[in-house]
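Spelled out, the chains give:
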Amino acid sequence: MTVSAEQRRVRFAPSPTGYLHIGGARTVLFNWLLAQKTGGKFILRIEDTDRSRHVEDSVGKILADLRWLGLNWDEGPEAGGDVGPYFQSKRLDIYQKFTDRLLESGQAYYAMESAEELASAREKSRAEKRDFKYPRPSPLPTIDEGRAARESGQAVPVRFKMPDEDIVIQDDVLGEVRLSASDVEDFIIQKHDGWPTYHFACVVDDELMGITDVLRGQEHLSNTPKHVALQNALGFRTPRYAHLPIIFNSDGSKMSKRDKEKAIAKGLAPPEIDVHDFRVAGYAPEALLNFISLLGWSPGGDREQLSIEETVDLFTVDRIGTANARFDRDKLIAFNTDWVAKIPSDRLVTLLRDFSQVNDLSMAAADDATLARLLECCKGFRTFRDVQSKTGFLFVDDADIAFDPKAVKKVLAKNDGAGFAMLEHLRRNFKKLDPWDEAGIEQLIASLCAEHDVKMGAIAQPIRVAVTGSTISPPIHDTLILLGRERTLRRIDRAIEHGAAEAA
RNA sequence: GGCCCCAUCGUCUAGUGGUUUAGGACACCGGCUUUUCAUGCCGGCAACACGGGUUCGAAUCCCGUUGGGGUCACCA
């Protein structure tokens, strides 16, 4: 009999509590990378066993985030597959079957204490500075006693009888990790309402879905002995494990969704935490992916900026690091800047359109050619947010331009209104300029520079403030051509009126 | 606190006993380019946590200390 090379099957199993977290995205990426590299399958499974934490439509959001990143799944929601359903809430009968098996073999038992009793026992231990470990009852309640209790309305969960022997894990990243089983209590595998806990559902599904490799965050390391013990009790295989370093904020704190609320409360810009935040902030998914691939992994040598194809090619689990990493947004910005400079125009247009749509900008209505032109004029931009702040003035009505007081003061009002005076000259000359094109505008400005013996800035800046309300815009000739003669003139008039009103 | 994991520039990391005056990138500092904002270019600063071993030789191996992190739910 020939032995075919085992096909690797990996999974990402989010719980539907909101958008995809950036740390989760890194976990997805590594799993996806392993599947791509080995010709294996990447499975998406939804761990929705906690109805109280369920957030409306978060599955849709997670799928959208994954799609935006370009990380497709072979099996799972909207993809189907032979070992579904891929929502744990639809697999309750399966978990029940395995729970019964454990109950009947005496490897699990109904635990009769109430949650309140346990909570107070834990509290008491804490007060006395003792560790609390659930005391296994002796004798164990029988199955009949447990069922009878449940039928009478008592909230009775099922606990796993944790075996005595130590558990040794061969981790592909950390190496051998030995844990003492005596440190692990008889944990709950089925809640009182009959739903499985995470540990149990996870172990059952990984087996039934044929998962060969589990790549997950290091925060799960201490769960692993529970999972292995369960696998042994159920007669399941143990998959290969690889625990990934954890990603922290640049100050070393945990990157949590709460950081956003805290920043907003302090009046600061909320940090990007979820994948969706980075999408809204104007990053390109290829840059984000490249950046997070380097958090806990390295291709070796001096290589950093890699396409996803190169990353797949270079990826190996044994190059995953052991030390936790911090997320440095400045470096991400630098990566993004480099990436958008080399992404082809049509792809850039797609990304800019997506950016303007998720931000609900009026720019979203512009056609592809316009967007491409905008991108061209903003060369050197770092994120799509830069493109927005530089060209947003085009999508505002002439009458709605808001003048930045600082800019007006510095560029127009200073030196007895030299800027305003220049605007008057400009207005007359722009009216007769024909044709209205780059060469004409440049020539006109150059001759004005010579005529008034001033530098380019003395002319370009007043125009910029007049037509955009700010000192930020594309090069001045691009700005004017994009706007057109009529709108330029209207805006200059309005700026002059604005100045007169201020002076009065 | 118990158990477990980790430890190279401020940050991400390269480095797997000699090729290392420890390399790259970001940040930072200085300079240049520039009509704004960016971009770009040039240069600079900057690390093997500490203490013991092992070895002819250690950032690389072992032990300890210190420091950081994770985890101890009817959450996942």
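Residues numbered from 1 in each chain as written. Chains lettered and ligands numbered in written order. Predicted model: local features only at pLDDT ≥ 70, side-chain atom pairs only at ≥ 80, totals over all residues. Heavy atoms only, no water.

Trainee: How would you sum up the pattern of salt bridges? Please name residues and give values.
Mentor: The final tally for this structure, using the stated rule, is 37 salt bridges. Measuring nitrogen to oxygen at the nearest pair gives 2.7 Å for the salt bridge that ties Arg136 to Asp186. With Arg136 in the loop between helix H4 (115-127) and helix H5 (143-151) and Asp186 in the loop between strand S6 (175-179) and strand S7 (188-190), this residue pair connects regions lying 50 residues apart in the sequence. Since its relative accessible area comes to 4%, Asp186 is described here as buried. Notably, a salt bridge pairs Arg353 with Asp368, separated by 2.7 Å at the nearest N-O pair. Of this pair, Arg353 sits in helix H13 (residues 345-358) while Asp368 sits in helix H14 (residues 368-377), and the two are 15 residues apart along the sequence. Look at Arg353 and you get buried, because its relative accessible area is 17%. (Salt bridge = Lys/Arg side-chain N within 4 Å of Asp/Glu carboxyl O. Helix = DSSP H or I, 4+ residues; strand = E, 2+ residues; numbered from the N terminus. Buried < 20%, exposed > 50% of the residue type's maximum accessible area, 1.4 Å probe, protein only.)

Trainee: Go over helix H18 (residues 456-468), please, and point to the residues and values.
Mentor: Taking 1.5 Å per residue, 13 residues should reach 18 Å; H18 reaches 18 Å between its end C-alpha atoms and fits that length. Those residues of H18 that fall on the buried side of the exposure criterion are Ile459, Ala460, Pro462, Ile463, Arg464, Val465, Ala466, Val467 and Thr468. Where H18 is buried, its residues contact helix H16 (405-432), helix H17 (438-452), helix H19 (476-483) and helix H20 (485-503). Following H18 by one or two positions, Gly469 has its phi on the positive side, about 85 degrees. (Expected span 1.5 Å × (residues − 1). Contact = heavy atoms within 4.5 Å.)

Trainee: Any chance you could break down the packing of aromatic side chains for me, citing the residues and the numbers?
Mentor: Tallied over the entire structure, the rule returns 11 aromatic pairs. Aromatic rings pair up to connect Phe278, Tyr283, Phe291, Phe327 and Phe335 into one cluster. When the ring centre of Tyr19 is taken as reference, the NZ or CZ atom of Lys61 above it lies at 4.9 Å. (Phe/Tyr/Trp six-rings, centres within 6.5 Å; stacked < 30°, edge-to-face > 60°. Lys NZ or Arg CZ within 6 Å of the ring centre and 35° of its normal.)

Trainee: Go over the protein's contact with RNA strand B, please, and point to the residues and values.
Mentor: Close contacts around RNA strand B come from 67 residues, with Lys191, Lys390, Arg464, Thr471 and Ser473 the closest. Counting only the atoms of RNA strand B within 4 Å of the protein, the fraction contributed by sugar and phosphate is 72%. Between RNA strand B and the protein, one listed contact pairs a sugar or linking oxygen with a side-chain N or O atom of Ser222 at 3.3 Å. Between RNA strand B and the protein, one listed contact pairs a phosphate oxygen with a backbone N or O atom of Arg326 at 3.1 Å. Counting only elements with at least two residues in the surface near RNA strand B, the list comes to H4, S6, helix H6 (198-208), strand S11 (325-326), helix H12 (329-342), H18 and H19. Examining the composition of the surface near RNA strand B, we find that five residues originate from one element, H18, more than from any other. In terms of residue class, the surface near RNA strand B is made up of 22 nonpolar, 21 polar and 24 charged. (Near = heavy atom within 4 Å. Polar contact = N/O pair within 3.5 Å; in protein donor to acceptor, adjacent residues only side chain to side chain. Nonpolar A, V, L, I, M, F, W, Y, C, P; charged D, E, K, R; others polar.)

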